[in-house]
Amino acid sequence: MSSSNKVTFHTRSISLPTRSHPLAAAVEEQLCKLRSSDLTSSISNNLVALKELYACVEDFLSSKEGKCLDAVLDGSVMLLDVCGTIKDVLSQMKQSAQDLQSSIRRRSNEFDAYMTSRKKVCKVIQKCLSALKKNTNKNNDLVTDILTEVEATTLAVFESVLSFLSAPKQRSLVSKLTTKSLTQQVVNEVTKVDVALKSKVIEAKEVQKPLAALEMNLQELEDGLESVFRCLIKNRVSLLNILNQ
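These lines cover the structure that appears in this document, whether it is placed above or below. (Residues numbered from 1 in each chain as written. Predicted model: local features only at pLDDT ≥ 70, side-chain atom pairs only at ≥ 80, totals over all residues. Heavy atoms only, no water.)

Turning to the packing of aromatic side chains, a few remarks are in order. Enumeration according to the criterion identifies zero aromatic pairs in this entry. Over the aromatic face of F229 sits the side chain of K87, whose NZ or CZ is 4.1 Å from the ring centroid. (Phe/Tyr/Trp six-rings, centres within 6.5 Å; stacked < 30°, edge-to-face > 60°. Lys NZ or Arg CZ within 6 Å of the ring centre and 35° of its normal.)

Right, here's the structure in full:
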């Protein structure tokens, strides 16, 4: 999963008193790792880093009393919904890629079926990307401030996955968090397959290699998203437990 577009985070720093809040500092450290990452070429690594971030968030929450967390509880539902949508998209794309591979082996070359499925998936992706732009959270409490930063970073990583699956046509959430706008189409395994299938003369052998690479990438992303999804569920349970204490 590679791209020539380098995108880095430039979100505001939380300036935490580390002696008083060592666990908050651990969360900030993980946030810094993600802010400095290349969102467009290290997507799988970012999903691993996101999993590590939520492990630190769990430790942080276990040390705090449940105050002013109602505001971030809705955010936890939203993150689960977005993650679930991306998982569905990945599953559909992987199935379409597998079906196309099978048709090529049978020499029936059902390219139109793949492109039809691709158009449907792209509509879902664009709808999800539009929804991400509407999600903001403004809280100044120490606990909610940190969790708001975590939420914003999680959304940016999710958008990087969506952008990989369908190159963004509009100014993105990632670009809002950075000084450099992601304006050019990301060239990756997804778009390579698209280009091959949209060419005037389609040769099956020209599609097979990028299609095989795409299947591997989709599986890798699917595994990463599943791990993050489990972390998000655990995080929401922790928030509910704190609020119910």
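The next thing to look at is the nonpolar core. Ranked by size, the top nonpolar core spans 63 residues in total, and within it V27, Y114, F158, L165 and L211 carry the most contacts. When contributions to this core are tallied by element, the ones reaching two or more residues are α1 (22-35), α2 (43-61), α3 (70-105), α4 (111-133), α5 (142-165), α7 (189-198) and α8 (204-244). Considering each element in turn, this core owes the most residues, 14 residues, to α3. Not counting the four nearest positions on each side in its chain, V27 is found in contact with L53, C56, V57, F60, I146 and V150. (Core = buried A, V, L, I, M, F, W, Y, C linked by side-chain atoms within 4.5 Å. Buried < 20%, exposed > 50% of the residue type's maximum accessible area, 1.4 Å probe, protein only. Helix = DSSP H or I, 4+ residues; strand = E, 2+ residues; numbered from the N terminus. Contact = heavy atoms within 4.5 Å.)

Among the structural elements, N46 can be located in helix α2. Note on N46: relative accessible area 2%, which makes it buried. Along the chain, N46 and S160 lie 114 residues apart, while their C-alpha atoms are 9.4 Å from each other.

Between α7 and α8, the shortest axis-to-axis distance is 9 Å and the interhelical angle comes to 150°. Between α7 and α8, the angle falls in the class roughly antiparallel. Crossing hand, α7 versus α8: left-handed. Only E206, V207, P210, L211, A213, L214 and N217 of α8 make contact with α7, whose side of the interface consists of E189, V190, K192, V193, A196 and L197. Taken together, the residues that form the contact of α7 with α8 break down as nine nonpolar, one polar and three charged. (Axes fitted to C-alpha atoms, helices over the stretch in contact; angles between N-to-C directions. Parallel < 35°, antiparallel > 145°, perpendicular 65-115°, else oblique. Left-handed = near helix turned anticlockwise from the far one by under 90°. Nonpolar A, V, L, I, M, F, W, Y, C, P; charged D, E, K, R; others polar.)

Here the focus is the packing of α2 against α8. Contact pair α2 / α8: the axes reach a minimum separation of 9 Å and the direction vectors enclose 15°. In this view, α2 runs roughly parallel relative to α8, as classed from their interaxial angle. At the point where α2 passes α8, the crossing takes the left-handed sense. Its residues placed into classes, the contact of α2 with α8 shows 13 nonpolar, five polar and four charged.

Attention shifts here to α1. Counted at 1.5 Å a residue, the expected span for α1 with its 14 residues is 20 Å, and the 20 Å between its end C-alpha atoms agrees. Taken residue by residue, α1 has A24, V27, E28, Q30, L31, L34 and R35 as its buried positions. An end-on view of α1 places all buried positions within 160° of arc, on one side of the element. (Expected span 1.5 Å × (residues − 1). Arc of directions from axis to C-beta.)

Attention now moves to a positive patch on the surface. On the surface, K119, K120, K123 and K198 cluster together into a positively charged patch. Among the elements that make up the positive patch, the one with the highest residue count is α4 (three residues). One can find K198 in helix α7. With a relative accessible area of 62%, K198 lands in the exposed category. (Patch = residues over 30% accessible without salt bridge, like charges linked within 9 Å, V, L, I, M, F, W, Y side chains within 5 Å. Areas by Shrake-Rupley, 256 points an atom, 1.4 Å probe, with all protein chains shown as cover. Salt bridge = Lys/Arg side-chain N within 4 Å of Asp/Glu carboxyl O. Lys, Arg positive; Asp, Glu negative; His and termini not counted. Charge placed at Lys NZ, Arg CZ, Asp CG, Glu CD.)

Turning next to the pattern of salt bridges. In this structure the tally under the stated criterion is seven salt bridges. Of the charged contacts in the structure, one is a salt bridge between K87 and E226, with a shortest N-O distance of 2.7 Å. On the criterion of sequence distance, the pair formed by K87 in helix α3 and E226 in helix α8 is long-range, its members being 139 residues apart. The partly exposed category is assigned to E226, whose relative accessible area is 28%. In this structure, E222 and K94 form a salt bridge, with 2.5 Å as the shortest nitrogen-oxygen distance. With E222 in helix α8 and K94 in helix α3, this residue pair connects regions lying 128 residues apart in the sequence. Judged by its relative accessible area of 19%, E222 is buried. What you see here is one network of salt bridges that share partners, running through E28, R35 and E149.

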